[in-house]
Amino acid sequence: MNGVINWLDERLGVNQIWGIIFLRNMPKGVNWWYTLGSATLFVFIIQAVTGMFLAMYYAPTPDHAYDSIQYIMNEVIFGQVIRGLHHWGASAMVVLVILHMLRIIVMGAYKYPREATWIVGVVLLLLVFGFGFTGYLLPWDEKAYWATTVGTNMAGTVPFIGGFLLVAARGGSDLGALTLTRFYAIHMLFLPSLTVGFIALHIFMVIRQGISVPPAIWEKMEDVSHSVTRARELVGKR
Ligand code: HEM
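Model, not experiment: these values are computed from the prediction.

Novice: Please give an account of the overall build of the protein chain that cites residues and values.
Specialist: Counting its regular elements, the protein chain contains 11 helices and 0 strands. When the helices and strands of the protein chain are read in sequence order from the N terminus, they spell out α-α-α-α-α-α-α-α-α-α-α. For 238 residues, the compact-globule formula gives about 18 Å, and the C-alpha radius of gyration of the protein chain, at 23 Å, lies well above that figure. Taken across its 238 residues, the protein chain has 31% of its residues classed as buried. Residue pairs at least 24 apart in sequence account for 69% of intrachain contacts in the protein chain once pairs closer than 6 positions are excluded. As presented, the protein chain carries roughly 15400 Å² of accessible surface, and 70% of it is formed by carbon and sulfur atoms. Where the 16 positive side-chain charges of the protein chain centre and where its 13 negative ones centre are 12 Å apart.

Novice: Explain the site of the ligand residue by residue, including any values.
Specialist: As a matter of local geometry, the ligand sits amid 24 residues, with Y34, H100, R103, H202 and S212 nearest to it. Between an oxygen atom of the ligand and a side-chain N or O atom of R103, the distance comes to 2.8 Å. Counting only elements with at least two residues in the shell around the ligand, the list comes to α3 (36–55), α5 (79–106), α6 (115–137) and α9 (177–209). No other element matches the 6 residues that α6 contributes to the shell around the ligand. Residues of the shell around the ligand, tallied by class, amount to 13 nonpolar, 9 polar and 2 charged.

Novice: Residue-level account of the environment of T149, with values.
Specialist: Inspection of the secondary structure assignment puts T149 in helix α7 (residues 142–156). According to the relative accessible area criterion, T149 is buried, its value standing at 15%. Excluding residues that lie within four positions of it along the chain, T149 makes contacts with R170 and L175.

Novice: Explain the nonpolar core to me, and be specific about the residues and the numbers.
Specialist: Among the nonpolar cores identified, the biggest contains 15 residues, and F44, M93 and L124 are the most heavily contacted of them. Of all the secondary structure elements, the ones that give two or more residues to this core are α3, α5, α6 and α9. The element best represented in this core is α6, accounting for 6 residues. Excluding residues that lie within four positions of it along the chain, F44 makes contacts with M93, F131, P192, T195, V196 and I199. Counting 10 residues, the second-largest nonpolar core is a separate cluster that includes L137, L175, F183 and Y184.

Novice: Tell me about the packing of aromatic side chains, residues and numbers included.
Specialist: A full pass over the atoms with the stated rule returns 8 aromatic pairs. Considering the side-chain rings of Y57 and Y71, the 6.1 Å spacing of their centres and the 45 degrees angle between planes classify their relative orientation as tilted. You can see Y57 sitting in the loop between α3 and α4 (65–74) and its partner Y71 sitting in helix α4, a full 14 residues away along the chain. The exposure class of Y57 is partly exposed, given its relative accessible area of 39%. Residue classification places Y71 among the partly exposed positions, given a relative accessible area of 43%.

Novice: Can you tell me about the coordination of the iron atom of the ligand, naming the residues and giving the values?
Specialist: For the iron atom of the ligand, the full set of protein donor atoms is H100 (NE2) and H202 (NE2), at a range of 2.0 to 2.1 Å. Between the 6 donor atoms coordinating the iron atom of the ligand, the angles at the centre fall across 87 to 179 degrees, so the site counts as octahedral. Note that H100 is positioned in helix α5 and H202 in helix α9, a separation of 102 residues in sequence. Exposure remark for H100: the relative accessible area of 17% places this residue in the buried category. Overall, the relative accessible area of 15% leaves H202 in the buried class.

Novice: I'd like a description of α9, backed by residues and values.
Specialist: Every α-helical turn comprises 3.6 residues, leaving residues that sit three or four positions apart pointing alike. Between its first and last C-alpha atoms α9 spans 46 Å; for 33 residues at 1.5 Å apiece the expected length is 48 Å, and the two agree. Along α9, the helix axis deviates most sharply at I186, where the bend reaches about 40 degrees. Restricting attention to buried positions, one finds in α9 the residues T179, L180, F183, Y184, H187, L191, T195, I199, H202 and M205. Next to the buried residues of α9 lie α3, α4, α5, α6, α7 and α8 (162–170). Count one or two residues on from α9 and you reach G210, which has phi positive near 80 degrees.

So, how was this worked out
Residues numbered from 1 in each chain as written. Predicted model: local features only at pLDDT ≥ 70, side-chain atom pairs only at ≥ 80, totals over all residues. Heavy atoms only, no water. Helix = DSSP H or I, 4+ residues; strand = E, 2+ residues; numbered from the N terminus. Rg over C-alpha atoms; globule rule 2.2 N^0.38 Å. Buried < 20%, exposed > 50% of the residue type's maximum accessible area, 1.4 Å probe, protein only. Contact = heavy atoms within 4.5 Å. Areas by Shrake-Rupley, 256 points an atom, 1.4 Å probe, with all protein chains shown as cover. Lys, Arg positive; Asp, Glu negative; His and termini not counted. Charge placed at Lys NZ, Arg CZ, Asp CG, Glu CD. Near = heavy atom within 4 Å. Polar contact = N/O pair within 3.5 Å; in protein donor to acceptor, adjacent residues only side chain to side chain. Nonpolar A, V, L, I, M, F, W, Y, C, P; charged D, E, K, R; others polar. Core = buried A, V, L, I, M, F, W, Y, C linked by side-chain atoms within 4.5 Å. Phe/Tyr/Trp six-rings, centres within 6.5 Å; stacked < 30°, edge-to-face > 60°. Donors = N, O, S within 2.8 Å, 3.2 Å for Na, K, Ca; no water. Tetrahedral: all angles 85-135°; square planar, octahedral: opposite > 155°, others 65-115°. Expected span 1.5 Å × (residues − 1). Bend = angle between axes of the 7 residues up to and from the residue.

Here you go:
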């Protein structure tokens with residue numbers, strides 16, 4: 001294994017890349033609240049992997065969608081586990097991303113110079129909601145059908161462009177085959193590619209700027225701002 005790593009390091013400098021990503025200095029006082037972003041990323045990876053397995057059996061047509069889910073649940077080996085992980089992972093991701101955002105708000109981590117990280121975060125939040133909305137229709141049961149009918153009706157009430165939004169979302173005036181394929185394509189192609197791109201950008205920014213100093217440490221630093229040495233000690237490198 002070491003041989004392979006050394007071979008790659010000589011050619012691509014992989015040790016340096018590993019160091020930049022995983023061996024970063026953290027400010028003192030960083031705690032469990034700072035792990036919520038990574039937890040969200042972890043659940044996203046679970047969603048991507050389980051989604052790929054579900055896509056091997058799921059059929060996005062009104063005639064077969066419901067049955068294909070029943071097949072996954074009752075016939076496919078580990079089908080219940082894979083679907084269960086994807087189902088609960090979807091809720092977990094929404095909860096985690098909101099908690100992560102709350103940590104950013106409460107600790108003021110959105111302030112200068114991290115405004116761009118915050119803006120990319122807002123895009124990620126909308127993408128996570130997009131996953132939830134488009135995924136909800138895919139089982140094509142009563143609950144899914146009517147929830148999407150209500151959701152798309154709401155889009156239809158937007159002033160001026162509501163009519164267009166409704167038809168664009170449904171692929172026609174009513175929910176049908178086109179709505180299902182459209183939601184499926186958005187759920188498994190458009191949203192994942194966008195999310196991967198924006199997560200990469202988000203994490204690039206986090207690595208480039210370093211994690212923000214916790215407010216308690218920051219306040220102490222202001223008290224001792226006359227002493228650069230003491231301030232440096234407080235920020236500290238672990
Ligand atoms: C898919 C969704 C997201 C993922 C995977 C993600 C991932 C991460 C990770 C791994 C970090 C490093 C530090 C930490 O975990 O707290 C981070 C930091 C950050 N995130 Fe997110 N994030 C997401 C969504 C959001 C959202 C919705 C916002 C706000 C609207 C946001 C704003 C920020 C900011 C400002 C930082 C810098 C925090 C600091 O330096 O202390 N992120 N994010």
